[in-house]
Amino acid sequence: MKVSEIMTRDIHIASPGQKLHEVAADMQRHNIGVLPVADNDRLVGMITDRDIAVRAMSQRFGPEARVRDVMSAEIKHCFEDDDIADLAQKMADERIRRLPVFNDDKRLVGIVSLADLATSGDRISAEILVKALSGICQGQRRRAPQTAEMPAAK
């Protein structure tokens, strides 16, 4: 099975100069967690809901800050004719939940996500899904912080 069979083709694009609150509103309106960022018909980055909530807030950027201030400029991607087993391995290796999808002409044609793998039903094996999920989650499990014992109340 190929990426083109499970990817989402209806994509929305952000621009580097767009304000964070505009992008967040677009994400909410369309129930999506990632937007490719394009400048003059060229993909220059990706912005996620986590970039806005964590990266922007930790750096004290407000809602008027620009996408370029918090987007990820390093773009991992796949091609629409890639096999989904290879996709799962790439997602696992790179620990990425979503990837932009390009055609052979290197044009953006969609987004593929871990959710696309999971909801494609019987068309993929559980082994492929487990491979992607376990790789993505690798190293993300953290031990709970140790807490000091509190003396019993009298």
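Each chain has its residues counted from 1, running along the sequence as written. Given that the model is predicted, a residue must reach a pLDDT of at least 70 before its local features are reported, and side-chain atom pairs must reach 80 or more before they are shown or counted; all residues, however, enter totals for whole chains, interfaces and linings. Calculation of side-chain values draws on the structure's entire complement of heavy atoms; hydrogens and water are dropped beforehand.

> Just to check I follow, could you spell out the pairing of strand E4 (residues 98-102) for this structure?
Side-chain direction in a regular strand flips from residue to residue, so the side chains alternate between the two faces of the sheet. Relative accessibility under 20% of the residue-type maximum defines a buried residue, over 50% an exposed one, and the middle range a partly exposed one, all with a 1.4 Å probe and only protein chains included. What counts as a helix is a DSSP run of H or I of at least four residues, what counts as a strand is a run of E of at least two, and both are numbered from the N terminus. The buried fraction of E4 is high, at four of five residues. Pairing of E4 with strand E5 (residues 108-113), which is carried by five bridges, proceeds in the antiparallel orientation. Paired with Phe102 across the bridge in E5 is Leu108. For two strands to count as paired, DSSP must find a minimum of two bridges between them. Once E4 ends, the chain turns through five residues before running back antiparallel as E5, passing Lys106 with a positive phi of about 60°.

> Is there a simple way to think about the pattern of salt bridges in this case?
Pairing between side chains becomes possible if they bear opposite charge and their charged atoms approach one another. The rule for a salt bridge is simple: a side-chain nitrogen of Lys or Arg has to be within 4 Å of a carboxyl oxygen of Asp or Glu. The final tally for this structure, using the stated rule, is six salt bridges. Here Asp26 makes a salt bridge to Arg29, at a shortest N to O gap of 3.5 Å. Pair noted here: Asp26 and Arg29 are both in helix H1 (residues 20-30), with a separation of three residues, about one helical turn. Taking relative accessible area as the criterion, Arg29 reaches 58% and is therefore assigned exposed. When the shortest N-O distance is used, the salt bridge between Arg107 and Asp41 registers 2.9 Å. Remark: Asp41 occurs in the loop between strand E1 (34-39) and strand E2 (42-48) and Arg107 occurs in the loop between E4 and E5; sequence separation between them is 66 residues. Taken together, the salt bridges that share partners define one network made up of Glu74, Lys76 and Glu94.

> Could you clarify how one ought to interpret helix H3 (residues 84-94) in this entry?
An α-helical turn contains 3.6 residues, so a residue and the one three or four places further along point in the same direction. Residues of H3 that are buried: Ile84, Leu87, Ala88, Met91 and Ala92. Looking down the long axis of H3, one finds its buried residues gathered within 135° of arc, a one-sided arrangement. For H3, exposure combined with an orientation more than 90 degrees from the buried face picks out Asp86 and Asp93. Here a polar contact is recorded for every N or O atom pair within 3.5 Å, except that within protein the pair must consist of a potential hydrogen donor and a potential acceptor, and residues adjacent in sequence are included only if both atoms are side-chain atoms. The backbone nitrogen of Ala85 lies 2.9 Å from a side-chain oxygen of the residue at the head of H3, namely Asp83. Note on H3: the residue one or two positions beyond its end, Arg95, has a positive phi of about 55°. Summarising the geometry, the arc corresponds to the directions from the helix axis toward the C-beta atoms.

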